[in-house]
There are 2 protein chains.
Amino acid sequence: MQDPLTKVAGDGSKAGEAPVVKARGLEGVVALDSELSFIDGQQGTLIYRGYDIFDLAEHTSFEEVAYLLWNGSLPNQQQLDEVKVQLRAERTLPPMILDVLRATPEDANPMAALRTAVSALAHFDGEADDMSPEANYRKAVRLTARTPAIIAAFDRLRKGQEPVAPLRDGSTAHNFLYMLNGEEPGPQAERTFDVCLVLHAEHGLNASTFAGRVIGATLSDMYSAVTGAIGGLKGPLHGGANIEVMKMLLEIDRTGADPADFIRKKLANKEKVMGFGHRVYKTVDPRATILREMVEELSEERDARQWYDYSTAIMETMASEKSIYPNVDFFSASVYYMLGIDPDLFTPIFALSRMSGWTAHLLEQWKENRLIRPRAEYVGPRDLKVRPIEQR
Amino acid sequence: MQDPLTKVAGDGSKAGEAPVVKARGLEGVVALDSELSFIDGQQGTLIYRGYDIFDLAEHTSFEEVAYLLWNGSLPNQQQLDEVKVQLRAERTLPPMILDVLRATPEDANPMAALRTAVSALAHFDGEADDMSPEANYRKAVRLTARTPAIIAAFDRLRKGQEPVAPLRDGSTAHNFLYMLNGEEPGPQAERTFDVCLVLHAEHGLNASTFAGRVIGATLSDMYSAVTGAIGGLKGPLHGGANIEVMKMLLEIDRTGADPADFIRKKLANKEKVMGFGHRVYKTVDPRATILREMVEELSEERDARQWYDYSTAIMETMASEKSIYPNVDFFSASVYYMLGIDPDLFTPIFALSRMSGWTAHLLEQWKENRLIRPRAEYVGPRDLKVRPIEQR
């Protein structure tokens, strides 16, 4: 492998300018400071604003985590009540957004539908282009409140069902499952889903968050930035991986293949096994550890032990054959599947949670904004002259 | 000013890993190789795939430049005819996109409207998620053909007029002005606008292009990437500047202020003068030189000499007071204004042209894809423990 980071000469670098450093894919480059999360890829730890992800998953709700990300500290009871009221007040979609979703073909890619509807939300937000910190905070709440409603409405409309209005109370997790299924979830489903939301809320400068900050750093608005972030999360090298994981598990289930053999064959054919490895983690992703326990519990309770067994066999095979460990996508797939959610909604649900992190990154970006603009090294021809078209 | 580029220790860097380099705003970092354009910020030169921008502006059309960016060489007559046929075939909007635009409030931000409609185009493109090079090339053509139609339809609808269907022939410049105004432009207006499209087509890793490549590098689709790019271009630190330039010129015109005094007052108040300075150019942006000539010609012909006079006075004041030179936004504002285009369409028109460059960057990105994922340096607290909510 070529060294991804080398000093290069030329390219406009002159005395008095910053030295030019080349870093393909920006691996190993620190682009900015952030107080939002810390990932120790060697130790396999993840913290949000000082709190370990295990502690947060066990003791807090998604609403508390969203508040923490936006404000820097966990809420007391009054602050939590306030943010819940704010979220509830924003949960109902503007009628025109339902029209946009009705005009969306039923076979549309759900991430494309979400991207379009979130972009359209700006038209019905009088504060869309108000860049004051107060307005941006309200938009962070609004976007986090409305994203679940968009996903649920899209899914119901494509199944020929009418969207379900949100409840007047209840958590984000409770309301999302209610709006999706038209019936209130049980406490175990709600708590499981809530933990998933906590785990997916924030993860440093991943590609979607980074794209959002690059957009935001032009002083474009929050809708522009999160719309771009949704587009980034859609990619199979990012959030899109969890659908692929579920496809693999379903294929194993359908064909009755031995999971270890199935994986070894894939590896022999040099196929990528989705849900494994990470640019930052060199050991087990701590979120995968928490999700694996949830898969075990759910699969026992729902009498669907096979998902845990397949996943465990695949994990062990990848560890022994390649020393590569599961990431957050690997176990979240089975959790969502056992909660009765369609696989192509897994990435939108990732977005639903990450909306809290994306918006927190934007609030942070705008506190002390600086344009994010690297360079490309030009490797094309020079000194060509346009010839008349007859001579080309 | 703090040195933007310093080596930092820690942050997960271990033996065997790439060294960690810190570069705020990624200034001075080369993120990738590109054959698309070269900017010499010291000399003030810009080339697209080997051709100097002065040569291209004088001797080629937007369609030739788009072909050059996508394919790497200028088209011969047959190739140019082919790409024109392809663009014309894709110019008519899917009816549902017109519905999306009809549902857009008339006071919507035009860049938000463009972002939403371009995102929605994916729903009506059976190839949206086909990542083959052939399908992506066709999408590059399709997006470049449809963007002008979206902008024109949006503008007409908000003025209570029906959208105008594109002509069966004619250039992109000709058709856009026709669809916008409902009447065919004269040859001078067409040629002037065509040169503007050539000048704005491509400019290295600016923030919108970079955002698009970050999104595309997750192997997300072209619609996701260009939707994000539109969001980035919307920002006043990027494409959004040209509206601000026009507001300033109109204010000078309305108040009868002396342009040099007006600018000196702004500078004394530490206000930013839009349309000046550039992260890369340390001298005159060559595009500004070409556009300035166009402003001079147009203002003579249209008996609107004041726009040239104000612009020249502002340029000279900024040079003498601050040694800062105009960028592409400064003179394009007056050109578009004299062509009768509303100021809030200036940035969408930038997007119309840059769509060719964005899509060319995506075709290049996907030839040899690599995830673009820098790191943040964590500067927040550590080792906090979640306390029960009653104790917070």
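Check the entry above for the structure.
Quick notes on the rules
Residues numbered from 1 in each chain as written. Chains lettered and ligands numbered in written order. Predicted model: local features only at pLDDT ≥ 70, side-chain atom pairs only at ≥ 80, totals over all residues. Heavy atoms only, no water. Salt bridge = Lys/Arg side-chain N within 4 Å of Asp/Glu carboxyl O. Helix = DSSP H or I, 4+ residues; strand = E, 2+ residues; numbered from the N terminus. Buried < 20%, exposed > 50% of the residue type's maximum accessible area, 1.4 Å probe, protein only. Least-squares fit on C-alpha atoms with pLDDT ≥ 70 in both. Contact = heavy atoms within 4.5 Å. Expected span 1.5 Å × (residues − 1). Polar contact = N/O pair within 3.5 Å; in protein donor to acceptor, adjacent residues only side chain to side chain. Phe/Tyr/Trp six-rings, centres within 6.5 Å; stacked < 30°, edge-to-face > 60°. Lys NZ or Arg CZ within 6 Å of the ring centre and 35° of its normal. Buried area = accessible area lost by both parts, 1.4 Å probe. Patch = residues over 30% accessible without salt bridge, like charges linked within 9 Å, V, L, I, M, F, W, Y side chains within 5 Å. Areas by Shrake-Rupley, 256 points an atom, 1.4 Å probe, with all protein chains shown as cover. Lys, Arg positive; Asp, Glu negative; His and termini not counted. Charge placed at Lys NZ, Arg CZ, Asp CG, Glu CD. Pairing = 2+ DSSP bridges. Axes fitted to C-alpha atoms, helices over the stretch in contact; angles between N-to-C directions. Parallel < 35°, antiparallel > 145°, perpendicular 65-115°, else oblique. Nonpolar A, V, L, I, M, F, W, Y, C, P; charged D, E, K, R; others polar.

Q: Quick rundown of the pattern of salt bridges? Include the residues and the values.
A: Inspection of the entire model under this criterion finds 56 salt bridges over all chains. Note that Arg-115 of chain A and Asp-221 of chain B form a salt bridge whose closest N and O atoms lie 3.7 Å from each other. Of this pair, Arg-115 of chain A sits in helix α5 (residues 110-121) while Asp-221 of chain B sits in the loop between α9 (207-216) and α10 (222-233), on two different chains. One salt bridge in this structure joins Lys-234 of chain B and Asp-129 of chain A, with 2.6 Å as the shortest N-O distance. Placement of the pair is Lys-234 of chain B in the loop between α10 and α11 (241-255) and Asp-129 of chain A in the loop between α5 and α6 (133-158), with the two residues belonging to separate chains. Exposure remark for Asp-129 of chain A: the relative accessible area of 40% places this residue in the partly exposed category.

Q: Provide a residue-level description of unusual backbone geometry, including the pertinent values.
A: Excluding glycine, residues mostly carry a negative phi; peptide bonds, for their part, are mostly trans. Positive phi values are uncommon outside glycine, yet Ser-323 of chain A reaches one of about 50°. Here Ser-323 of chain A lies in the loop between α14 (305-322) and α15 (328-338). Unlike most non-glycine residues, Asp-383 of chain B shows phi in positive territory, near 60°. Positionally, Asp-383 of chain B belongs in the segment after β7 (375-378). For Asp-383 of chain B, a relative accessible area of 69% translates into the label exposed.

Q: Lay out the relation of the copies chain A and chain B with the relevant residues and their values.
A: Of the transformation placing chain A onto chain B, the axial shift is 0.0 Å and the rotation is 180°, giving an RMSD of 0.0 Å. Taken together, the rotation and translation relating the two chain copies correspond to the operation of a two-fold axis. Of the C-alpha atoms belonging to chain A, the one lying closest to the rotation axis is found on Gly-228 of chain A, 1.9 Å away. Counting the interface residues of chain A, we find that 100% of their copies in chain B are interface residues as well, pointing to one common contact surface.

Q: Give me the lowdown on helix α5 (residues 110-121) of chain B, citing residues and values where you can.
A: The terminal C-alpha atoms of α5 of chain B lie 16 Å apart, and with 12 residues this matches the ideal 16 Å at 1.5 Å per residue to within 8%. Most of α5 of chain B is tucked away: 12 of the 12 residues are buried. Buried residues along α5 of chain B sit in contact with α5 and α10 (222-233) of chain A together with α4 (95-102), α6 (133-158), α10 and α16 (346-367) of chain B. Taking the backbone nitrogen of Met-111 of chain B as reference, a side-chain oxygen 2.8 Å away marks Asn-109 of chain B as the first, capping residue of α5 of chain B.

Q: Please give an account of the packing of aromatic side chains that cites residues and values.
A: For the coordinates displayed, the defined rule picks out 19 aromatic pairs over all chains. Arranged with centres 5.8 Å apart and planes meeting at 75°, the rings of Trp-70 of chain A and Tyr-137 of chain A form a pair that is edge-to-face. Pair noted here: Trp-70 of chain A is in helix α2 (residues 62-71) and Tyr-137 of chain A is in helix α6, with a separation of 67 residues, a long-range link. Across this residue pair, the class does not change: Trp-70 of chain A and Tyr-137 of chain A are buried. Here Phe-330 of chain B and Phe-331 of chain B contribute two aromatic rings whose centre-to-centre distance is 4.9 Å and whose plane-to-plane angle is 75°, an arrangement assigned as edge-to-face. Classification of Phe-330 of chain B as buried rests on a relative accessible area of 0%. You can call Phe-331 of chain B buried: its relative accessible area is 0%. Taking NZ or CZ as reference, Arg-382 of chain A lies 4.3 Å from the ring centre of Phe-38 of chain B, over its face.

Q: How would you sum up the interface of chain A and chain B? Please name residues and give values.
A: If you look at the interface, chain A gives 108 residues, while chain B gives 109 residues. Where chain A abuts chain B, roughly 9600 Å² becomes buried across the two surfaces, and 60% of that area is made up of carbon and sulfur atoms. It is Val-30, His-123 and Arg-373 of chain A in chain A that bury the most area against chain B; as a group they hold 8% of the surface buried on that side. Taken together, chain A and chain B are joined by 12 salt bridges.

Q: Just give me the short version of the side chain of Thr-144 of chain A, but keep the residues and values in it.
A: Mapped onto the secondary structure, Thr-144 of chain A falls in helix α6. By relative accessible area, which is 2% here, Thr-144 of chain A ends up buried.

Q: Lay out a negative patch on the surface in plain terms, naming residues and giving numbers.
A: On the surface, Glu-293, Glu-296, Glu-297 and Glu-301 of chain A cluster together into a patch of negative charge. Position of Glu-297 of chain A among the secondary structure elements: in helix α13 (residues 286-301).

Q: Hey, could you go over the sheet that holds strand β6 (residues 51-52) of chain A for me, with residue numbers and the actual values?
A: Read from one edge of the open sheet, three strands run β4-β5-β6 (chain A), paired in antiparallel fashion. Two strands in the sheet have a free side with no partner beyond their single neighbour: β4 (37-40) and β6 of chain A.

Q: Could you give an account of the packing of α15 of chain A against helix α16 (residues 346-367) of chain A, naming the residues involved and the relevant values?
A: All names here are of chain A. Here α15 crosses α16 at 105°, and the two axes come no closer than 11 Å. It follows that α15 is roughly perpendicular to α16 by the angle criterion. Every residue of α16 that contacts α15 at Asp-329, Ala-333, Tyr-336 and Tyr-337 is listed here: Phe-346, Ile-349 and Phe-350. Each residue belonging to the contact of α15 with α16 can be placed in one class, and the counts come to six nonpolar, no polar and one charged.

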